[in-house]
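Residue-level listing of the chains:
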Amino acid sequence: MNLYHCAIDLRDDAKALSFAVAVEAWMGYLQSSGVIQSWRLCRRKLGFGAPRARDFLLEIEVQNLTQLDQAFRFAGSSDEQVERLYTTVHQMVGKVEIALYRPFPDPERAERMALI
């Protein structure tokens with residue numbers, strides 16, 4: 001499992017609830033198409049966080065890097081539905097920071113650690 005994290009601030013004219021509805025439509029479409037495993041959208045509570053912390057956190061779970069690559073290819077396709085759903089979300093995003101995480105220690109690392 002890999003976790004694709006997107007820390008997001010909306011554009012000044014974007015509405016939080018509209019963003020949440022658009023993300024749900026887009027992520028639901030990706031999930032039903034089999035290119036992601038699951039997802040969740042969180043919002044910073046009470047403005048609590050480090051000075052550079054973004055307002056929203058979108059966490060997308062994929063099985064492996066192959067599935068993540070499939071998701072990118074799917075998002076880049078010229079399908080009308082894909083373009084519409086992606087654009088609806090993307091036009092509300094002001095700033096975004098992306099990171100890729102994995103559970104640690106992962107099974108491969110645990111195996112190597114056991115051989116030491």
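Structure shown above.
Here's what I pulled together on the structure shown here. Given the structure is predicted, the values throughout are model-derived calculations rather than measurements.

Moving on, we come to the environment of Val96. Among the secondary structure elements, Val96 is positioned in strand β4 (residues 93-101). For Val96, a relative accessible area of 42% puts it in the partly exposed group. Taking the C-alpha atoms as reference points, Val96 and Leu57, separated by 39 residues in sequence, lie 9.5 Å from one another. Those residues in contact with Val96, other than ones at most four positions away along the chain, are Cys6, Ala7 and Ile8.

A separate point is the sheet that holds strand β2 (residues 38-43). Backbone hydrogen bonds hold the strands of a sheet together, and the pairing may be parallel or antiparallel. Taken in spatial order, the 4 strands make up an open sheet running β2-β3-β1-β4, and their pairing is antiparallel. The open sheet has two edge strands with one neighbour each: β2 and β4. Averaged over all pairs of adjacent strands, the angle between their axes in this sheet comes to 15°, without regard to strand direction. In the packing of helix α1 (residues 16-32) onto the sheet, contacts are made with β1 (2-10), β2, β3 (56-62) and β4, and the angle to β2 comes to roughly 170°.

What follows concerns the pattern of salt bridges. Summed over all chains, the structure comprises 6 salt bridges. Between Arg43 and Asp55 there is a salt bridge, with its nearest N and O atoms 3.1 Å apart. Placement of Arg43 in strand β2 and of Asp55 in the loop between β2 and β3 is noted, with a sequence separation of 12 residues between them. Between Arg54 and Glu97 there is a salt bridge, with the nearest N and O atoms lying 3.1 Å from each other. Of this pair, Arg54 sits in the loop between β2 and β3 while Glu97 sits in strand β4; the two residues are 43 residues apart in sequence, bridging distant segments of the chain. Glu97 sits in the partly exposed class, given a relative accessible area of 30%.

Reading the values: the criteria
- Residues numbered from 1 in each chain as written.
- Predicted model: local features only at pLDDT ≥ 70, side-chain atom pairs only at ≥ 80, totals over all residues.
- Heavy atoms only, no water.
- Helix = DSSP H or I, 4+ residues; strand = E, 2+ residues; numbered from the N terminus.
- Buried < 20%, exposed > 50% of the residue type's maximum accessible area, 1.4 Å probe, protein only.
- Contact = heavy atoms within 4.5 Å.
- Pairing = 2+ DSSP bridges.
- Axes fitted to C-alpha atoms, helices over the stretch in contact; angles between N-to-C directions.
- Salt bridge = Lys/Arg side-chain N within 4 Å of Asp/Glu carboxyl O.

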